Each structure stands twice: as C-alpha cells, then as structure tokens.
Amino acid sequence: MPLTLLQVLRGSAAYLGRVGIQHPRLEAEILMGHVLQLERIDLYLQFDLPLADPDLRSLRSMLRRRAGGTPVAYLVGERHFFGLRLAIREGVLIPRPESELLVELALARLAAQDRHSLTADLGTGSGCLGIAIAVGAPGARVDAVDLSEIAVEVARSNVSRLGVGDRVTLFQGSWGEPLAGRGPYDLIVSNPPYVTSSELAALDPGVRDFEPKLALDAGGDGLAPYRELMAELPRLAAPRATILLEVDPNRAGGVAGLAAQAWPGVSPRVHRDLSGRDRVVDVRLA
C-alpha cells in the first residue's frame, strides 16, 4: 500500500525532531508542501493522498539536507516577508521577521510625506526591504544596492516577479557608491551586517555555515559597517531625510552614537521589535 500524505508528514516531523530541528512539524509541512506543490493549508485537506515514489525520494533528499543544516528557505527557494513571497538562494541572506519593523517604520514615514519620495536601500540582499516599501507605498521610488552579484541577481528576480520593476532600480556596489548623482534621498534604509566576528563563530550552524559571511560579519566590535555608512550617508540624504538602520539589540546605543556624531544636534530614536528588543535606529534630519 502506498504511504499517505499524513503518514509521511508524521514520519518526517518525527525525523526532524530526532535530529534537533526546533519546529519539526512546521518545517515538515513546508518541505512537503514544496514537493507536492501544495499550500500548507491544502495539506490538511488531502491527508489520504497516496504519495508517489518520485515525491517520496525528493522529500527524503530534502529532509536529509535539512538534517545536515541547510536552511529551509534555501531548500524550497523562497521566503515569506511582509506578506510577500520572495525568491531566495544560497549566497543571499535569508530575510528575518525582525526586519519587518523597519518596513513598517518606513511606510509610516512615507505616508506622512506629501510628495513622491526617493528611497535608498543599502545592502538590499534579496531586495526584501526595498521591494516591500515599493509595494506598500505606490508613490515611492527605490534605488537598491548590494555588493554581492548573487544578491543583485536574486533581488532583480524578486523585483520582476512582484511587479515593481518600474519603481525599483538595482545597483551592484559598495553602500552608496553606485548612487552618485542620483539623490538626494528622502528615506534611507539599511540592514547592515551586525554580528561581531567572535559572535559569528557561536551562531547556529544553519546560519554560520550556510548564509553569506559578507552579510553577517561586522568585524571586531560589530560597528564597522555602520562607520562606513555614516561616512557616506550625509552626501546621500536630503535635508529632511529619515534614516532607518536595523541593529543588533546589544549595539543600538553604539549605532545611535555614531549617528549623533555624523549629525550633531540630531537625537536618534531607537525602536523596539515585538520581542521588546532594540531593533531600529531612527535618524530624522531637521
């Protein structure tokens, strides 16, 4: 008798649990949904579905890779972020829910402005921040930059699939260097690397061994990328610009201090995420 969807789902979740996966049932559902091309909710409507051998082989291969540490987003090639389905591949940082706070703050700021705004997304990765802003604020135009060629390729595919190619322009390069002559920007957002080199070694292996070091490692004190940004932001920012920077909760004060040095007289604000941890430094220029 062929194995049913429910039998395989239970066995897959049990296997992932035994190898130490934190949310085994959820991840088993995501992997099975990907193999069968079903939404997770649809799995529960087809528990008696018999699984064909090719599907079983594909699922078992993915389960073995997940047990070896490969993140689910890389296995299924996508990640949900701010209600959007983004393409993801190895070599590109996987978007985190914590970054959605930055999008919420950006959209609130754009909604308060009475003109079409030009936004810069520095270190765009998959394009998650810039694309979410463009989708949520139809009047906004976004210039998105990343140093990684792979990241720019993935971001370009996401821009195309989500239909914002007329308002999101991608550039490859370091921070704001490719944007010379294109500003000034009313809104600047960035999620730079913010893990110290020593912290990197202690990260979960699924992050440390699979996600790009370029997007994680922020040097000895975790502030090196922010120093680089602060050297460039004054020439990019419009006179009354808003700058939103995602931060490690342990270094929010350090980033706010760097911003205060870059713009004397400006008092940066720090916003907390849903877990109550300092997450975004908000700089509003006079």
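Residues numbered from 1 in each chain as written. Predicted model: local features only at pLDDT ≥ 70, side-chain atom pairs only at ≥ 80, totals over all residues. Heavy atoms only, no water.

A. Up close: the overall build of the chain. Summing up its helical and strand segments, the chain has twelve helices and nine strands in all. Whereas a compact globule of 286 residues would reach a radius of gyration of roughly 19 Å, the chain reaches 21 Å, a difference of no more than 12%. Overall, the chain is about 75 × 40 × 35 Å in size when its C-alpha atoms are taken along their principal axes. The buried share of the chain, reckoned over its 286 residues, is 51%. Across the chain, the fraction of contacts at a sequence separation of at least 24, relative to all contacts at a separation of at least 6, is 66%. Accessible surface computed for the chain: about 13400 Å², of which carbon and sulfur atoms make up 51%. Across the chain, 31 positive and 34 negative side-chain charges occur, with their mean positions spaced 2 Å apart. (Helix = DSSP H or I, 4+ residues; strand = E, 2+ residues; numbered from the N terminus. Rg over C-alpha atoms; globule rule 2.2 N^0.38 Å. Buried < 20%, exposed > 50% of the residue type's maximum accessible area, 1.4 Å probe, protein only. Contact = heavy atoms within 4.5 Å. Areas by Shrake-Rupley, 256 points an atom, 1.4 Å probe, with all protein chains shown as cover. Lys, Arg positive; Asp, Glu negative; His and termini not counted. Charge placed at Lys NZ, Arg CZ, Asp CG, Glu CD.)

B. Region of the structure containing the environment of T242. Here T242 lies in strand 7 (residues 237–246). For T242, a relative accessible area of 1% corresponds to the buried category. Apart from the residues lying within four places of it in its own chain, the contact partners of T242 are R109, D186, L187, I188, D282, V283 and R284.

C. Structural detail: unusual backbone geometry. Here the bond from G183 into P184 is cis, since omega is -5°, no more than 30 degrees from zero. Along the chain, P184 falls in the loop between strand 5 (168–172) and strand 6 (185–190). Here F82, not a glycine, exhibits a phi torsion of approximately 50°, which is positive. Classification of F82 as partly exposed rests on a relative accessible area of 27%.

D. Here's a closer look at the pairing of strand 2 (residues 84–87). Sheet analysis places strand 1 (residues 78–81) next to strand 2, joined by four bridges and oriented antiparallel. Counted as the bridge partner of E78 is A87 from strand 2. The antiparallel pairing of strand 1 with strand 2 creates a hairpin that spans two residues between the two strands, and F82 there sits at a positive phi of about 50°. (Pairing = 2+ DSSP bridges.)

E. Looking closely at the pattern of salt bridges. According to the stated counting rule, one finds 18 salt bridges in the structure shown. The partner of K213 in a salt bridge is D217, and the shortest N-O contact between them spans 3.9 Å. The class for D217 is partly exposed, based on a relative accessible area of 21%. For R284, the salt bridge goes to D282, with nearest N and O atoms at 3.3 Å. Note on D282: relative accessible area 1%, which makes it buried. Within this structure, R25, E29 and R40 form a network of salt bridges that share partners. (Salt bridge = Lys/Arg side-chain N within 4 Å of Asp/Glu carboxyl O.)

F. Expanded view of the packing of helix 2 (residues 24–36) against helix 4 (residues 53–67). Look at helix 2 against helix 4: their axes get within 10 Å of each other, and the N-to-C directions meet at 140°. What the angle tells us is that helix 2 and helix 4 run oblique. For the pair helix 2 and helix 4, the sense of crossing is right-handed. Within the contact between the two elements, helix 2 uses E27, L31, M32, H34, V35 and L36 and helix 4 uses D55, S58, L59, M62, L63 and R66. Each residue belonging to the contact of helix 2 with helix 4 can be placed in one class, and the counts come to seven nonpolar, two polar and three charged. (Axes fitted to C-alpha atoms, helices over the stretch in contact; angles between N-to-C directions. Parallel < 35°, antiparallel > 145°, perpendicular 65-115°, else oblique. Left-handed = near helix turned anticlockwise from the far one by under 90°. Nonpolar A, V, L, I, M, F, W, Y, C, P; charged D, E, K, R; others polar.)

G. Main features of the sheet that holds strand 4 (residues 141–146). Strand order in the open sheet formed by seven strands is 5-4-3-6-7-9-8, with mixed pairing between adjacent strands. Two strands in the sheet have a free side with no partner beyond their single neighbour: strand 5 and strand 8 (269–272). Strand-to-strand twist in this sheet, taken as the mean axis angle between neighbours without regard to direction, amounts to 20°. Looking at chain direction, strand 3 (residues 118–122) and strand 4 are connected through five bridges and run parallel. Within strand 4, the position partnered with L118 by the bridge is R141. With respect to the sheet, helix 6 (residues 100–111) is in contact with strand 3, strand 6, strand 7, strand 8 and strand 9 (278–284), its orientation differing from that of strand 7 by roughly 160°. Along the sheet, helix 11 (residues 224–236) makes contact with strand 3, strand 6 and strand 7, crossing strand 7 at roughly 155°.

H. Main features of helix 8 (residues 149–161). Here helix 8 spans 19 Å end to end across 13 residues, near enough to the 18 Å set by a 1.5 Å rise per residue. Taken together, the buried positions of helix 8 are A151, V152, V154, A155, N158 and V159. For helix 8, the buried positions fall inside an angular range of 165° around the axis, keeping them on one side. Every exposed residue of helix 8 that faces more than 90 degrees away from the buried side is listed here: E149 and S160. Packed against the buried residues of helix 8 are strand 2, helix 7 (128–136), strand 4 and strand 5. With a side-chain oxygen positioned 3.3 Å from the backbone nitrogen of I150, the residue opening helix 8 is S148. (Expected span 1.5 Å × (residues − 1). Arc of directions from axis to C-beta. Polar contact = N/O pair within 3.5 Å; in protein donor to acceptor, adjacent residues only side chain to side chain.)

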